[in-house]
Amino acid sequence: ADFVYFPQCVSQVYFSLRAQFEMDHWSAIAAAEVEYLVPLLRWAHGHPLHRRYSGRNFWTVFSMDLGRQDFPRSAAWLEHWSVGSLTGSEHWMHASGFLHPGPGSTRPEEDEDGCWREDTVPVAMANEMFPARNFRIQDTVISIPSRFAPEERTARFDGRPVLCFFAGSPNSCARRRVLELYSNEPGFDVSTSFLGDDAYRERLWESRFCLVLRGSSHTNNVRLYDVIAHGCIPVIISDDFQPVLDAWLPWKDIAVFLPTSSIPRLGHILRNDIDEARRWEYFQNVALPSSESAPSRVDELIQASGGSLDRSTLWSGLSAARVFHWHGTVFWILFFADVLQKLTKRMLGGSGGVVSFSTEQHSEPNLSGREAFLWRREPWWHLPPVSAQLPGGIDSSSARTLLSSLHWLHSTIRKRESRLPGVIVDCGADAISESAKLFETFGGSAPSAGQVARTSEDKQVCTRPLGVVALSIEPSATRLEELRLAGRAANWGTAFAWRVELVQLSGAAGGSSSSSSNTTTSSVPLARRTLKEAVRLAAGAISERPLARPIAFLLRAGHRCGLLSALHGPLGSGDMLVKFVLLSAGGQGRRTLDRAPVVKGLLCFCMTSSGRLHPAFGPFADSGSSCEGDALCGWEEDPDLDTLVQLLSGGGFSAGPPPAR
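Residues numbered from 1 in each chain as written. Predicted model: local features only at pLDDT ≥ 70, side-chain atom pairs only at ≥ 80, totals over all residues. Heavy atoms only, no water.

Asks: Looking at this model, I keep getting lost on the overall build of the protein chain. Mind explaining?
Replies: Across its full length, the protein chain carries 21 helices and 23 strands. Counting only residues that meet the buried cut, the protein chain has 54% of its 661 residues in that class. Long-range contacts, defined as pairs at least 24 residues apart, comprise 73% of the intrachain contacts of the protein chain with a sequence gap of at least 6. Total accessible area on the protein chain stands at roughly 28100 Å², and carbon and sulfur atoms take up 53% of it. (Helix = DSSP H or I, 4+ residues; strand = E, 2+ residues; numbered from the N terminus. Buried < 20%, exposed > 50% of the residue type's maximum accessible area, 1.4 Å probe, protein only. Contact = heavy atoms within 4.5 Å. Areas by Shrake-Rupley, 256 points an atom, 1.4 Å probe, with all protein chains shown as cover.)

Structure follows, in structure tokens:
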């Protein structure tokens, strides 16, 4: 393993000590740390997985409110670890630029009208109980699951007569001020009433805005996720808050962020500063689960808004309500991607070594909201303009990075399992140079010429285990001759076992077919073949022994391959014909995926000019999208696909050699 999640039960020990021995809070938490947590961390430090990266690959979670702060005796043991906790950086609200009315807002410690001194200082600054907040750049903010799931009423924009709702105990400065100023304010439903679940849900569904305030627990409490699950726009009033997945979700368009000093102006802000068009922008990010709005529904909303909404604003997509529904998969995909990215940055530096952590731990993260992850109109990763991209195809640096990664994986499997991982298939390359780059990359693990013997039937037979077996499928007779001459000039047939087939794949446009090996050209016509037939023919002609599945390790398809229709058949699962499919952008610089392989369990990723892999499937990309470069597809249940994605999704591969398996 390269990354280690380290589970521990210090919170459970704390609660057991309080219940069984009637300890107060501070005594119980100190005993749990000294007698349970520290010995556990000491044991972890002695493990080989910990020594490998000095703990920079370890991640643990504290469910106690303050995370690292709650356990000061463990600080040295957790120095290099990534820690998940409910509290983030106390500077996030101001540094993000998300505060209303904007970046010019006064810092909370400079504002005498807020609740910073009463609500934030006791839990963020050093005192006699614990040290100052020490949220590291590699740490993660965790969320609390709501017991409520989104329902049909969550997606209702109108029919919400209450302007603002809050119900809770007056156990913080911010809560007391809200209750004092707005208990009798028209449009506000704020009280200290304790509501049953049914009544609580009705209030949330009836309200346009819902307040999220610090109470006895941190601002990042379950109320935030209750509010989102009911389609109510969260108004987060705090001087000490950092949201979960802040670098991945468009929080500026999900919630209204206010400092506690703005509480006296809350009514004016909600009534006058946020118009219906802006409320719709918040609402669609919070509640709308569909990828399109029905035309009739759009007309109804425009009419109901009195013209304040228009069609250009009425688009929708993945919702926060869906993300934070823990029984789904979306939250976990994003959350573990966030953890992986932070751990990778901790372990790898820009020049292949370990980064300098003495300065990193004090730096502020990039919090510019519009540069963060968006799930709407733009891809979830930010690609540079096409004009700024490197040329697509095998000659681009990103494509070379991908091929090098595949070559490393091919060599690793061959050594690990003492077998040939499968044939390298090049189909319909847009240029001879693309085929040359592919074969040069994989030729590094090929046997020498002396390891391959030729037979009178012009087959190549291994005298000992081969490093690479390659097949070229070419639908053009003219290009076939050029490819054959290039192969002879580059000694492809002696560097590794290589065969050329003139084949029109079944399902692709074209006429008759014929065959050629790497030394002779045959005029005998062949029937059009399926992809399976072509690969099996080449594998049988090259090697005397049957190849284990998958028969093809990599199938690289150019625009002329006719691959998309040929793939729709028994490609994988039980048959497992092909392990990886590389859809080449070639000279066009773009690979459209609107006809990408629709095969159960096959996942496709875009390769960007920065050398990263990013998902090209829902919910991360719309159907019919295109890649600004090559696209790689593999099987969802294949652990080697997971390895490849880990190497390339975070950009860590370019920083040094791939991690040892």
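Okay, back to it.
Asks: Any chance you could explain the pattern of salt bridges here in plain terms?
Replies: Oppositely charged side chains are able to pair whenever their charged atoms sit close together. Following the criterion strictly, the structure yields 18 salt bridges and no others. For E281, the salt bridge is made with R278, and the minimal N-O distance between the two is 2.7 Å. On the criterion of helical spacing, the pair formed by E281 and R278 is a turn pair, its members being three residues apart in helix α10 (residues 276-287). With a shortest N-O distance of 3.0 Å, K579 and D640 are connected by a salt bridge. (Salt bridge = Lys/Arg side-chain N within 4 Å of Asp/Glu carboxyl O.)

Asks: When you look at the pairing of strand β17 (residues 552-557) in this model, what are you seeing that I'm missing?
Replies: For β17, a buried count of six out of six residues is recorded, marking the element as mostly surrounded by other parts of the structure. Alignment of strand β10 (residues 423-427) against β17, held across five bridges, turns out to be parallel. Within β17, the residue paired with I424 across the bridge is L554. Where β17 meets strand β18 (residues 578-583), five bridges bridge the pair, whose relative direction is parallel. Among the inter-strand pairings, L555 is bridged to a residue of β18, identified as V581. (Pairing = 2+ DSSP bridges.)

Asks: Mind showing me how you'd approach the nonpolar core here?
Replies: Generally speaking, a soluble globular protein has its nonpolar side chains buried in company with each other. Among the nonpolar cores identified, the biggest contains 72 residues, and W251, F257 and F324 are the most heavily contacted of them. At six residues, helix α13 (residues 330-347) tops the list of elements feeding residues into this core. Once residues lying within four places of it in the same chain are set aside, the contact partners of F324 are S143, Y225, I228, V244, L249, W251 and F331. Ranked by size, the runner-up nonpolar core spans 32 residues in total, among them L409, F439, L641 and L648. (Core = buried A, V, L, I, M, F, W, Y, C linked by side-chain atoms within 4.5 Å.)

Asks: Would you mind going over the state of the cysteines with me for this structure?
Replies: Throughout this description, disulfide means a covalent bond between two cysteine sulfur atoms. Per the stated rule, a full pass over the model turns up three disulfides. What pairs with C115 in a disulfide is C173, and their sulfur atoms sit 2.1 Å apart. Residues C115 and C173 are joined by a disulfide whose S-S torsion is about -60°; by sign, that bridge is left-handed. With C115 in the loop between α4 (92-95) and α5 (116-124) and C173 in helix α6 (residues 173-182), this pair connects stretches of sequence that are 58 residues apart. (Disulfide = S-S within 2.5 Å.)

Asks: Please clarify how the confidence of the model for the protein chain should be interpreted in this entry.
Replies: On average, residues of the protein chain score 73 in pLDDT, and 66% of them are at 70 or above. In this model residues 444-465 is a low-confidence stretch, pLDDT under 50, and it forms 55 contacts with partners more than four residues away in sequence or in other chains. A low-confidence stretch, residues 568-574 (pLDDT under 50), is modelled with 14 contacts involving residues beyond four sequence positions or located in other chains. (pLDDT = per-residue confidence, 0-100.)

Asks: Would you explain the sheet that holds strand β4 (residues 140-141) in this entry?
Replies: Strand pairs in the sheet, formed through backbone hydrogen bonds, run parallel or antiparallel to each other. As summarised here, the arrangement of the four strands in space is β1-β2-β3-β4, forming an open sheet in which the pairing is parallel. Both edges of this open sheet fall to β1 (4-5) and β4, since each of them pairs with a single strand only. Sheet topology places strand β3 (residues 82-85) next to β4; two bridges connect them, and they run parallel. Looking across to β4, one finds that G84 is bridged to T140.

Asks: Explanation requested: empty space enclosed by the protein in the structure shown.
Replies: Empty pockets left among the atoms are what a rolling probe the size of a water molecule brings to light. For the coordinates displayed, the defined rule picks out eight cavities of 30 Å³ or more. In this structure, the largest cavity encloses a volume near 70 Å³. The element contributing the most residues to the lining of the largest cavity is α5, with four residues. Here the residues of the lining of the largest cavity sort into five nonpolar, five polar and four charged. (1 Å grid on protein atoms, 1.4 Å probe; cavity = no way out; pocket = protein on both sides within 12 Å on 5 of 7 lines; lining within 4 Å. Points joined across faces, edges and corners; volume = space filled by probe spheres on them. Nonpolar A, V, L, I, M, F, W, Y, C, P; charged D, E, K, R; others polar.)

Asks: Help me understand the pairing of strand β8 (residues 233-237) in this model?
Replies: Within a regular strand, side chains alternate between the sheet's two faces. Burial analysis of β8 places five of its five residues in the buried class, which makes it a mostly covered element. Where burial is concerned, the two faces of β8 agree: the one with I233, V235 and I237 and the one with P234 and I236 are both buried. Of the pairings in the sheet, the one linking strand β7 (residues 207-213) to β8 comprises five bridges and is parallel in character. Among the inter-strand pairings, C210 is bridged to a residue of β8, identified as P234. Crossover connection from β7 via helix α8 (residues 222-229) to parallel β8: handedness right-handed. When β8 meets strand β9 (residues 256-258), the two strands line up parallel, connected through three bridges. Bridged to I236 within β9 is F257. (Right-handed = clockwise from strand over helix to strand, strands pointing away.)

Asks: Looking at this structure, how should I read the packing of aromatic side chains?
Replies: For any pair of aromatic rings, the description consists of the separation of the ring centres together with the inter-plane angle of the planes. Applying the stated criterion across every chain, the model contains 31 aromatic pairs. Judged by centre distance (5.5 Å) and plane angle (75°), the rings of F553 and F580 are edge-to-face. Of this pair, F553 sits in strand β17 while F580 is found in strand β18, placing the two residues 27 residues apart along the sequence. The residues F553 and F580 share a single accessibility class, namely buried. Put simply, the rings of Y5, W59, Y225, W251, F324, W326, F331, W332, F335 and F336 pair up and form one aromatic cluster. When the ring centre of Y282 is taken as reference, the NZ or CZ atom of R278 above it lies at 4.1 Å. For R279, the ring lying beneath its charged end belongs to F157, and the centroid distance is 4.1 Å. (Phe/Tyr/Trp six-rings, centres within 6.5 Å; stacked < 30°, edge-to-face > 60°. Lys NZ or Arg CZ within 6 Å of the ring centre and 35° of its normal.)

Asks: I'm lost on the sheet that holds strand β6 (residues 188-191) in this one. Help?
Replies: One open sheet accounts for five strands, arranged β6-β5-β7-β8-β9; its pairing is parallel. Looking at strand neighbours, the two that pair on one side only are β6 and β9, the edges of this open sheet. Shown here is a sheet whose adjacent strand axes are inclined to one another by a mean of 20°, direction ignored. Along the sheet, helix α9 (residues 266-273) contacts β5 (162-167), β6, β7, β8 and β9; its crossing angle with β6, the most-contacted strand, is approximately 150°. Relative to β8, α10 is tilted by about 105°, and along the sheet it contacts β7, β8 and β9. (Axes fitted to C-alpha atoms, helices over the stretch in contact; angles between N-to-C directions.)

Asks: Is there a simple way to think about the packing of helix α1 (residues 10-21) against helix α2 (residues 25-45) in this case?
Replies: A packed helix pair is summarised by two numbers, namely the angle formed by the two axes and the spacing between the axes. Axis separation between α1 and α2 bottoms out at 9 Å; the angle between their running directions is 130°. With respect to α2, the axis of α1 lies oblique. Two packed elements cross with a definite hand, and for α1 against α2 that hand is right-handed. Taking contact as the criterion, the partners of V10, V13, Y14, L17 and R18 in α1 are, on α2, H25, A28, I29, A31, A32, Y36 and L37. (Parallel < 35°, antiparallel > 145°, perpendicular 65-115°, else oblique. Left-handed = near helix turned anticlockwise from the far one by under 90°.)

Asks: Can you help me understand the environment of G428 in this one?
Replies: Looking at the element boundaries, G428 is found in the loop between β10 and α16 (432-442). Owing to a relative accessible area of 0%, G428 belongs among the buried residues under this scheme. Distance from G428 to G558, taken between C-alpha atoms, is 4.9 Å for residues 130 residues apart in sequence. G428 has contacts with I473, E474, P475, G558, H559, R560 and C561, leaving out every residue within four places of it along the chain.

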